[in-house]
Amino acid sequence: MPPDAAEPGLDALCSILPVSRETYDRLAKLVALVKRWQRAENLIAPGTVADIWTRHVADSAQLVPLFPDARHWLDLGSGGGFPGLVIAILIAESAGDCLVHLVESNARKCAFLRTAARETRAPARIHQGRIESILAAIPGPVDVITARALAPLDSLLELTAHLIGPAKAAFFKGVDFQREVAEASHTWDFDLVVHPSRISEGSAILEIPRAVRRI
(Lines give C-alpha, C1' and ligand atoms only; values in the text may rest on other atoms or scores of the structure.)
Protein backbone atom coordinates (compact mmCIF):
# COMPACT_ATOMS: atom_id res chain seq x y z
CA MET A 1 0.00 0.00 0.00
CA PRO A 2 1.16 3.57 -0.64
CA PRO A 3 1.88 5.81 2.37
CA ASP A 4 -1.14 7.68 3.69
CA ALA A 5 0.70 11.01 3.48
CA ALA A 6 1.39 10.71 -0.25
CA GLU A 7 -1.65 12.83 -1.22
CA PRO A 8 -4.32 14.61 0.85
CA GLY A 9 -7.14 12.71 -0.89
CA LEU A 10 -5.58 9.27 -0.79
CA ASP A 11 -7.59 8.21 2.26
CA ALA A 12 -10.80 8.74 0.28
CA LEU A 13 -9.60 6.40 -2.45
CA CYS A 14 -8.43 3.69 -0.06
CA SER A 15 -11.73 3.81 1.84
CA ILE A 16 -13.49 2.90 -1.40
CA LEU A 17 -11.03 0.42 -2.87
CA PRO A 18 -7.65 -0.61 -1.45
CA VAL A 19 -5.02 -0.50 -4.17
CA SER A 20 -1.64 -2.12 -4.70
CA ARG A 21 1.56 -0.10 -4.93
CA GLU A 22 1.67 -0.67 -8.69
CA THR A 23 -1.90 0.54 -9.15
CA TYR A 24 -1.24 3.58 -6.98
CA ASP A 25 1.83 4.43 -9.07
CA ARG A 26 -0.26 4.25 -12.25
CA LEU A 27 -2.92 6.51 -10.74
CA ALA A 28 -0.25 8.94 -9.57
CA LYS A 29 1.14 9.05 -13.10
CA LEU A 30 -2.35 9.82 -14.45
CA VAL A 31 -2.74 12.63 -11.91
CA ALA A 32 0.65 14.08 -12.87
CA LEU A 33 -0.26 13.97 -16.56
CA VAL A 34 -3.61 15.68 -15.96
CA LYS A 35 -1.90 18.47 -14.03
CA ARG A 36 0.71 18.89 -16.77
CA TRP A 37 -1.79 18.97 -19.64
CA GLN A 38 -4.22 21.12 -17.66
CA ARG A 39 -1.97 24.12 -18.31
CA ALA A 40 -2.95 24.01 -21.98
CA GLU A 41 -6.16 21.96 -22.00
CA ASN A 42 -9.25 22.31 -19.82
CA LEU A 43 -9.32 18.64 -18.80
CA ILE A 44 -11.00 19.22 -15.43
CA ALA A 45 -12.56 22.24 -13.71
CA PRO A 46 -9.67 24.48 -12.61
CA GLY A 47 -11.05 24.76 -9.09
CA THR A 48 -10.79 20.99 -8.59
CA VAL A 49 -7.12 20.52 -9.50
CA ALA A 50 -5.88 20.86 -5.92
CA ASP A 51 -8.36 18.20 -4.77
CA ILE A 52 -7.96 15.90 -7.77
CA TRP A 53 -7.44 12.71 -5.74
CA THR A 54 -10.80 13.08 -4.00
CA ARG A 55 -12.91 14.97 -6.55
CA HIS A 56 -11.86 12.91 -9.56
CA VAL A 57 -9.83 9.79 -8.74
CA ALA A 58 -11.76 8.55 -5.71
CA ASP A 59 -15.06 9.70 -7.21
CA SER A 60 -14.38 7.64 -10.35
CA ALA A 61 -13.18 4.64 -8.34
CA GLN A 62 -16.63 4.23 -6.77
CA LEU A 63 -17.80 2.37 -9.86
CA VAL A 64 -15.42 -0.58 -9.59
CA PRO A 65 -16.77 -2.12 -6.34
CA LEU A 66 -20.34 -1.52 -7.56
CA PHE A 67 -19.69 -3.76 -10.58
CA PRO A 68 -16.96 -6.14 -9.43
CA ASP A 69 -17.50 -8.66 -12.24
CA ALA A 70 -17.46 -6.12 -15.08
CA ARG A 71 -14.58 -6.59 -17.49
CA HIS A 72 -15.61 -4.49 -20.48
CA TRP A 73 -16.58 -0.87 -19.92
CA LEU A 74 -17.74 1.95 -22.17
CA ASP A 75 -17.10 5.52 -20.96
CA LEU A 76 -18.82 8.37 -22.80
CA GLY A 77 -17.34 11.86 -22.94
CA SER A 78 -14.13 10.73 -21.29
CA GLY A 79 -12.45 14.18 -21.23
CA GLY A 80 -9.59 14.01 -18.73
CA GLY A 81 -9.99 10.28 -18.19
CA PHE A 82 -12.54 10.33 -15.38
CA PRO A 83 -13.92 7.81 -14.81
CA GLY A 84 -12.69 5.79 -17.82
CA LEU A 85 -8.94 5.76 -17.29
CA VAL A 86 -9.27 5.37 -13.52
CA ILE A 87 -11.44 2.29 -14.10
CA ALA A 88 -8.96 0.91 -16.64
CA ILE A 89 -6.07 1.34 -14.19
CA LEU A 90 -8.01 -0.23 -11.32
CA ILE A 91 -9.02 -3.33 -13.30
CA ALA A 92 -5.67 -3.74 -15.07
CA GLU A 93 -4.50 -6.35 -12.56
CA SER A 94 -7.77 -8.31 -12.67
CA ALA A 95 -7.81 -11.84 -13.97
CA GLY A 96 -9.01 -12.28 -17.52
CA ASP A 97 -9.40 -9.95 -20.48
CA CYS A 98 -10.28 -6.37 -19.46
CA LEU A 99 -10.89 -3.35 -21.66
CA VAL A 100 -12.33 0.14 -21.27
CA HIS A 101 -13.58 1.98 -24.36
CA LEU A 102 -13.18 5.75 -23.98
CA VAL A 103 -15.29 7.90 -26.30
CA GLU A 104 -14.36 11.57 -26.77
CA SER A 105 -15.05 14.02 -29.60
CA ASN A 106 -12.32 16.58 -28.81
CA ALA A 107 -9.10 15.82 -30.69
CA ARG A 108 -6.75 17.36 -28.10
CA LYS A 109 -8.42 15.49 -25.27
CA CYS A 110 -8.12 12.28 -27.27
CA ALA A 111 -4.40 12.99 -27.66
CA PHE A 112 -4.18 13.30 -23.88
CA LEU A 113 -6.15 10.08 -23.34
CA ARG A 114 -3.90 8.13 -25.71
CA THR A 115 -0.79 9.47 -23.99
CA ALA A 116 -2.15 8.72 -20.53
CA ALA A 117 -3.32 5.22 -21.49
CA ARG A 118 0.09 4.43 -22.93
CA GLU A 119 2.10 5.82 -20.02
CA THR A 120 -0.06 4.19 -17.35
CA ARG A 121 -0.29 0.92 -19.32
CA ALA A 122 -4.05 0.98 -18.87
CA PRO A 123 -6.21 -1.48 -20.85
CA ALA A 124 -8.03 1.27 -22.72
CA ARG A 125 -9.04 1.96 -26.31
CA ILE A 126 -9.64 5.55 -27.38
CA HIS A 127 -12.40 6.39 -29.87
CA GLN A 128 -12.51 9.90 -31.32
CA GLY A 129 -15.76 11.14 -32.85
CA ARG A 130 -19.44 11.71 -32.24
CA ILE A 131 -20.88 9.41 -29.62
CA GLU A 132 -23.79 8.38 -31.82
CA SER A 133 -21.50 7.21 -34.62
CA ILE A 134 -19.10 5.36 -32.35
CA LEU A 135 -21.84 3.55 -30.42
CA ALA A 136 -23.25 2.26 -33.68
CA ALA A 137 -20.01 0.36 -34.31
CA ILE A 138 -18.54 -0.33 -30.87
CA PRO A 139 -16.73 -3.68 -31.07
CA GLY A 140 -17.31 -6.56 -28.69
CA PRO A 141 -19.45 -6.97 -25.57
CA VAL A 142 -19.91 -4.24 -22.97
CA ASP A 143 -20.80 -4.85 -19.33
CA VAL A 144 -21.18 -1.29 -18.03
CA ILE A 145 -21.76 2.06 -19.76
CA THR A 146 -20.76 5.13 -17.80
CA ALA A 147 -20.83 8.90 -18.17
CA ARG A 148 -19.84 11.70 -15.84
CA ALA A 149 -21.02 15.30 -16.26
CA LEU A 150 -21.93 14.67 -19.90
CA ALA A 151 -25.66 15.25 -20.45
CA PRO A 152 -29.08 15.09 -18.77
CA LEU A 153 -30.39 11.60 -18.01
CA ASP A 154 -33.02 11.79 -20.78
CA SER A 155 -30.30 12.48 -23.36
CA LEU A 156 -28.04 9.74 -21.98
CA LEU A 157 -30.83 7.19 -22.32
CA GLU A 158 -31.46 8.39 -25.88
CA LEU A 159 -27.82 7.59 -26.67
CA THR A 160 -27.51 4.27 -24.85
CA ALA A 161 -30.92 2.59 -24.53
CA HIS A 162 -30.13 0.19 -27.40
CA LEU A 163 -27.17 -1.12 -25.40
CA ILE A 164 -28.87 -1.29 -21.98
CA GLY A 165 -30.09 -4.78 -21.11
CA PRO A 166 -27.03 -6.76 -22.06
CA ALA A 167 -25.14 -3.89 -20.40
CA LYS A 168 -25.96 -1.79 -17.36
CA ALA A 169 -25.68 1.98 -17.34
CA ALA A 170 -23.99 3.80 -14.46
CA PHE A 171 -24.38 7.56 -14.69
CA PHE A 172 -22.89 10.06 -12.24
CA LYS A 173 -25.44 12.70 -11.23
CA GLY A 174 -25.42 15.71 -8.92
CA VAL A 175 -27.75 16.77 -6.13
CA ASP A 176 -30.63 17.42 -8.55
CA PHE A 177 -30.64 13.83 -9.84
CA GLN A 178 -34.24 13.25 -8.70
CA ARG A 179 -35.43 16.01 -11.03
CA GLU A 180 -33.56 14.38 -13.94
CA VAL A 181 -35.08 11.00 -13.08
CA ALA A 182 -38.59 12.51 -13.03
CA GLU A 183 -38.06 14.27 -16.37
CA ALA A 184 -36.62 11.15 -18.04
CA SER A 185 -39.56 9.09 -16.76
CA HIS A 186 -41.91 10.99 -19.07
CA THR A 187 -40.14 9.48 -22.09
CA TRP A 188 -38.51 6.33 -20.73
CA ASP A 189 -39.62 3.30 -18.74
CA PHE A 190 -36.54 2.18 -16.83
CA ASP A 191 -35.40 0.27 -13.77
CA LEU A 192 -33.26 2.27 -11.38
CA VAL A 193 -30.90 1.62 -8.49
CA VAL A 194 -29.64 4.76 -6.76
CA HIS A 195 -26.17 4.48 -5.22
CA PRO A 196 -25.47 7.50 -2.98
CA SER A 197 -22.09 9.01 -3.72
CA ARG A 198 -19.40 8.27 -1.15
CA ILE A 199 -17.51 11.38 -2.20
CA SER A 200 -20.05 14.13 -2.91
CA GLU A 201 -22.89 14.47 -0.42
CA GLY A 202 -26.29 14.47 -2.10
CA SER A 203 -24.95 13.20 -5.43
CA ALA A 204 -25.51 9.69 -6.75
CA ILE A 205 -24.58 7.05 -9.27
CA LEU A 206 -27.68 5.92 -11.16
CA GLU A 207 -27.55 2.25 -12.11
CA ILE A 208 -29.97 1.45 -14.94
CA PRO A 209 -30.23 -2.21 -16.00
CA ARG A 210 -33.29 -1.76 -18.29
CA ALA A 211 -34.59 1.14 -20.37
CA VAL A 212 -37.25 1.26 -23.10
CA ARG A 213 -38.94 4.24 -24.71
CA ARG A 214 -42.54 4.80 -23.67
CA ILE A 215 -45.09 4.48 -26.45
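Up top is the structure these notes are about.
What you are looking at is a predicted structure, and each value in this text was computed from that prediction instead of being measured.

The subject of this paragraph is the nonpolar core. Ranked by size, the top nonpolar core spans 48 residues in total, and within it Leu30, Trp53, Trp73 and Phe112 carry the most contacts. The set of elements that each furnish at least two residues to this core consists of helix 1 (10–16), helix 2 (21–37), helix 3 (52–61), helix 4 (63–66), helix 5 (84–91), strand 2 (99–104), helix 6 (107–120) and strand 5 (168–173). Not counting residues within four places of it along the chain, the set of residues in contact with Trp73 comprises Leu63, Val64, Phe67, Ile87, Ile91, Leu99, Val100, His101, Val142 and Val144. Of all hydrophobic cores here, the second largest spans 29 residues; its members include Leu74, Leu163, Val181 and Ala204.

Here the structure, examined in full by the defined rule, presents 3 aromatic pairs. Here the aromatic rings of Tyr24 and Trp53 are separated by 5.5 Å at their centres, their planes lie at 20°, and the arrangement is stacked. Residue Tyr24 is located in helix 2, and its partner Trp53 is located in helix 3; the two are separated by 29 residues in the primary sequence. The pair Tyr24 / Trp53 is uniform in exposure class, with both members buried.

Our next topic: the pairing of strand 1 (residues 72–76). Summarising burial for strand 1: 5 of the 5 residues are buried, a large majority. Residues His72, Leu74 and Leu76 point to one face of strand 1 and Trp73 and Asp75 to the other, with burial holding for every one of them. In terms of strand pairing, strand 1 meets strand 2 through 5 bridges, oriented parallel. Bridged to His72 within strand 2 is Leu99. With 4 bridges connecting them, strand 1 and strand 4 (residues 144–148) associate as parallel partners. Following the sheet pairing, Trp73 is matched in strand 4 by Val144.

Compared with an ideal rise of 1.5 Å per residue, which puts 14 residues at 20 Å, helix 6 spans 20 Å between its outermost C-alpha atoms and is within 8% of the ideal. Every buried residue of helix 6 is listed here: Cys110, Phe112, Leu113, Thr115, Ala116, Ala117 and Thr120. Where helix 6 is buried, its residues touch helix 2, helix 5, strand 2 and strand 3 (124–128). Looking at where helix 6 begins, the residue whose side-chain oxygen comes 3.0 Å from the main-chain nitrogen of Arg108 is Asn106. Directly after helix 6, the chain includes Arg121, whose backbone phi takes a positive value near 55°.

Basis of the calculations
- Residues numbered from 1 in each chain as written.
- Predicted model: local features only at pLDDT ≥ 70, side-chain atom pairs only at ≥ 80, totals over all residues.
- Heavy atoms only, no water.
- Core = buried A, V, L, I, M, F, W, Y, C linked by side-chain atoms within 4.5 Å.
- Buried < 20%, exposed > 50% of the residue type's maximum accessible area, 1.4 Å probe, protein only.
- Helix = DSSP H or I, 4+ residues; strand = E, 2+ residues; numbered from the N terminus.
- Contact = heavy atoms within 4.5 Å.
- Phe/Tyr/Trp six-rings, centres within 6.5 Å; stacked < 30°, edge-to-face > 60°.
- Pairing = 2+ DSSP bridges.
- Expected span 1.5 Å × (residues − 1).
- Polar contact = N/O pair within 3.5 Å; in protein donor to acceptor, adjacent residues only side chain to side chain.

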